[in-house]
Amino acid sequence: MIQHQSLTNSINLTTFETNNFLEFDRVGLEYSVDSKPRRIIEDVSFSINQGEFVSVVGPSGCGKTSLLKMVSGLNPTLIGEIRLQGNKITKPLKNVGIAFQNPVLLPWRNTLKNVLLPLEVVQPYKREYKKRLPEYKRMAQELLTTVGLQDFQQQLPWQLSGGMRQRASLCRALIHQPEILLLDEPFAALDAFTREEMWVMLQNLWMRVQCVGMLITHDLREAVFLSDTVYVMSPRPSSIIYQLKINLPRPRTLEMCLTDDFNHLFSDIRRHIRRG
Amino acid sequence: MRSKLNHFFRSKTASFVLPFLATILLFVVWEIVVRVFQIPQFNLPSPSSIYQAAVNYSPQILANAWRTLVTTTTGFLIAIATGVFLGFLIGYSRIAYLTLYPILVGFNTIPKVALVPLLAVWFGANEIPATLTAFLLAFFPIAVNVALGLDTVEPEMKDVLRSLGASQLEVFQKVGWPHTLPYLFASLKIAASFAFVGSVIAESVASNGGMGYLIVVASSNFDVPLAFAGLLALAVLGIVLYGFFVILEKYAIYWAR
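The model shown is predicted, which means the values in this text are computed figures rather than measured ones.

(A) Inspection of the overall build of chain A at higher detail. If you tally the helices and strands in chain A, you get eight helices and 10 strands. Relative to the compact-globule value of 19 Å for 276 residues, chain A shows a C-alpha radius of gyration of 20 Å, a close match. Counting only C-alpha atoms, chain A reaches 55 × 45 × 45 Å along its principal axes. Within chain A, buried positions represent 51% of all 276 residues. At a minimum sequence separation of 6, the contacts of chain A that also span at least 24 residues come to 70%. As presented, chain A carries roughly 13100 Å² of accessible surface, and 50% of it is formed by carbon and sulfur atoms. Charge centroids of chain A, computed over 33 positive and 27 negative side chains, lie 7 Å from each other.

Okay, structure coming up:
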């Protein structure tokens, strides 16, 4: 009987882990403006499965970035809760990788050292940093090669172009094998052609790591290209008003963006975007 | 010809040769003006007589210059320690910012020359007032810049570290401190000159040695060439001090453009 109990428990746990890896449970957000509370996010509820890549799109000011900060634990979730594998997120998570619109590389470190930064901070890498440095360097170099930066390891950030900096920033977000990759409009500052190249690179990187990805973006084509599921948020006070599964095969290619399938998905999402 | 000249202006040699030539030219014009208009020695001595005085009094000049250098450096080192410490307090603690900072600003508005007589009463006419004046003039810019550096770290940069689960200390090590270094070095260049001004002022008001003292004594003896030799020695000391920090800065923050 006891054995049976523990068996069901473990089964529950496994299904739980794969199917509701990250859960948003009636998450809300309020700001006080002139000491009057103002609701930004009304109710966001959805869940992300293990290994799934989701995008959250919506008009500006609907609290997408705040949502991301709450997931990472950088900002507290005061209304509702976000659970990672069933545990409520209350403080900054240790196993996330974040990339912002601004690449925020440390200007005093060259590309390689910037990418190595998480390994100096996150356990278990930190413990053995000195001993395993050559191995870590190889890991960083492999990532940099994936994004075509193998010849720019020694360059300082100001010597790189905007796209190169963002690529280095992605490598930094992924080197410590995070369970969650959080991306806040990472390519918004890049030109259209560079941006499309970055989609492909990001997809390649993500397929190597196979972690949960959550992308905040304004670019609907970007959302379709990269995601397994796209969530659309309404204007303020916002909630999820539409969700769409993207069943295009992976790895996706830029040619796919020209297919009818792709364009149907794109138009479907576009129809659900409302301005604030 | 023109393009060759332009090329020379942009070269590294030009940045050494031209200032040197300009200085020589200044002295030559000076010498000519003094001779042509027959300006008396005690109004404006000629460079040649200044040189003569410098040679005649070289042991005194060297000894006093050494003393000024020692008091300046001592005061400056204390200023660095105090300034960095206060900068951390103001930059990291809201309470320190609200309580300490206004007092520091108020104190900084007092002309430090006015303190020298008091310092002389307390410590006597020796090297202590000079060291203290150097310190008092120099610590403020250091404290302000360190606080500014810590305060201006991009929040996103801190977020990158915090999202990795970094401790406060790690955020400081990896981001706060390196970000503050350029601010610190900018302030060191200014503060070094301030410390120098401070010690010379104190020496000329109340002291028994140093370049300030030497110049005051020389002027009261109407030995104007010696006073000028003292001034030139001060200029050289100042340039050496400033140059030292420029070079140090280049190595310490090689990554800044």
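And the narrative resumes.
(B) Geometry of the overall build of chain B. The helix and strand tally for chain B stands at 11 helices and zero strands. Counted from the first residue to the last, chain B has its helices and strands arranged as α-α-α-α-α-α-α-α-α-α-α. Its C-alpha atoms give chain B a radius of gyration of 23 Å, clearly above 18 Å, the size a compact globule of 257 residues would have. Taken along the three principal axes of its C-alpha coordinates, chain B extends 75 × 65 × 25 Å. Taking the intrachain contacts of chain B between residues at least 6 apart in sequence as the baseline, contacts between residues at least 24 apart amount to 71%. Summed over its atoms, the accessible surface of chain B is roughly 14300 Å², and 72% of this surface lies on carbon and sulfur atoms.

(C) Representation of the nonpolar core in the model. Ranked by internal contacts, the top residues of the largest apolar core, which has 150 residues, are Leu-22, Phe-24, Leu-67, Ile-180 and Met-214 of chain A together with Phe-76 and Ile-142 of chain B. In terms of residue count, helix α9 (residues 168-205) of chain B provides more of this core than any other element does, 12 residues in total. Among residues more than four places away in sequence, those in contact with Phe-76 of chain B are Ala-138, Ile-142, Leu-188, Ala-191, Ala-192, Ala-195 and Phe-245 of chain B.

(D) Representation of the pairing of strand β4 (residues 79-84) of chain A. All names here are of chain A. Here strand β1 (residues 22-33) runs beside β4; their pairing, made up of five bridges, is antiparallel. Bridging across to β4, Gly-28 finds its partner in Ile-79. Here β4 pairs with strand β5 (residues 87-88) via two bridges, running antiparallel. Across the sheet, residue Leu-84 finds its bridge partner in β5, namely Asn-87. Connecting the antiparallel pair β4 and β5 is a turn made up of two residues, with Gln-85 showing a positive phi of about 50 degrees.

(E) A look at the packing of aromatic side chains. Residue and element names in this part refer to chain B. Applying the stated criterion across every chain yields a total of 19 aromatic pairs over all chains. Between Phe-76 and Phe-245, the ring centres sit 5.2 Å apart and the planes meet at 85 degrees, which makes this aromatic pair edge-to-face. Pair noted here: Phe-76 is in helix α4 (residues 58-92) and Phe-245 is in helix α11 (residues 224-252), with a separation of 169 residues, a long-range link. The pair formed by Phe-76 and Phe-245 is uniform in burial state, with each residue classed as buried. Measuring from ring centre to ring centre gives 6.2 Å for Phe-172 and Trp-177, while their planes differ by 45 degrees; the resulting arrangement is tilted. Accessibility expressed as a relative area gives 30% for Trp-177, which makes it partly exposed. One aromatic cluster in this structure is built from Phe-88, Tyr-92, Phe-172 and Trp-177. The ring of Phe-107 is capped by Lys-112, whose NZ or CZ atom sits 5.3 Å from the centre of that ring.

(F) Structural context of the side chain of Thr-77 of chain A. One can find Thr-77 of chain A in the loop between α2 (64-72) and β4. Beyond its immediate chain neighbours, meaning those up to four positions away, Thr-77 of chain A contacts Val-27, Met-70 and Ile-82 of chain A.

(G) Looking closely at the interface of chain A and chain B. Counting from both sides, the interface comprises 25 residues of chain A and, opposite them, 19 residues of chain B. Three residues stand out in chain A for area buried against chain B, namely Leu-74, Trp-108 and Val-121 of chain A, and they jointly supply 32% of the buried area on that side. There are three salt bridges connecting chain A and chain B. As a salt-bridge pair, Glu-120 of chain A and Lys-174 of chain B come within 2.8 Å of each other at their nearest N and O atoms. Scanning the region where chain A abuts chain B turns up six residue pairs in polar contact (both at pLDDT 80 or more).

(H) Structural context of the pattern of salt bridges. Residue and element names in this part refer to chain A. Using the criterion set out here, one finds 22 salt bridges over all chains in the structure. Measuring nitrogen to oxygen at the nearest pair gives 3.2 Å for the salt bridge that ties Asp-25 to Arg-83. Of the two residues, Asp-25 sits in strand β1 while Arg-83 sits in strand β4, which places them 58 residues apart along the sequence. We note that Asp-25, like Arg-83, is buried. Ionic pairing is found between Lys-88 and Glu-81, a salt bridge with its closest N-O pair at 3.9 Å. Using a relative accessible area of 44% as the deciding quantity, one classes Lys-88 as partly exposed. Taken together, the shared-partner salt bridges in this structure form one network comprising Glu-23, Asp-25, Arg-26, Glu-81, Arg-83 and Lys-88.

Cut-off values and rules
Residues numbered from 1 in each chain as written. Chains lettered and ligands numbered in written order. Predicted model: local features only at pLDDT ≥ 70, side-chain atom pairs only at ≥ 80, totals over all residues. Heavy atoms only, no water. Helix = DSSP H or I, 4+ residues; strand = E, 2+ residues; numbered from the N terminus. Rg over C-alpha atoms; globule rule 2.2 N^0.38 Å. Buried < 20%, exposed > 50% of the residue type's maximum accessible area, 1.4 Å probe, protein only. Contact = heavy atoms within 4.5 Å. Areas by Shrake-Rupley, 256 points an atom, 1.4 Å probe, with all protein chains shown as cover. Lys, Arg positive; Asp, Glu negative; His and termini not counted. Charge placed at Lys NZ, Arg CZ, Asp CG, Glu CD. Core = buried A, V, L, I, M, F, W, Y, C linked by side-chain atoms within 4.5 Å. Pairing = 2+ DSSP bridges. Phe/Tyr/Trp six-rings, centres within 6.5 Å; stacked < 30°, edge-to-face > 60°. Lys NZ or Arg CZ within 6 Å of the ring centre and 35° of its normal. Buried area = accessible area lost by both parts, 1.4 Å probe. Salt bridge = Lys/Arg side-chain N within 4 Å of Asp/Glu carboxyl O. Polar contact = N/O pair within 3.5 Å; in protein donor to acceptor, adjacent residues only side chain to side chain.

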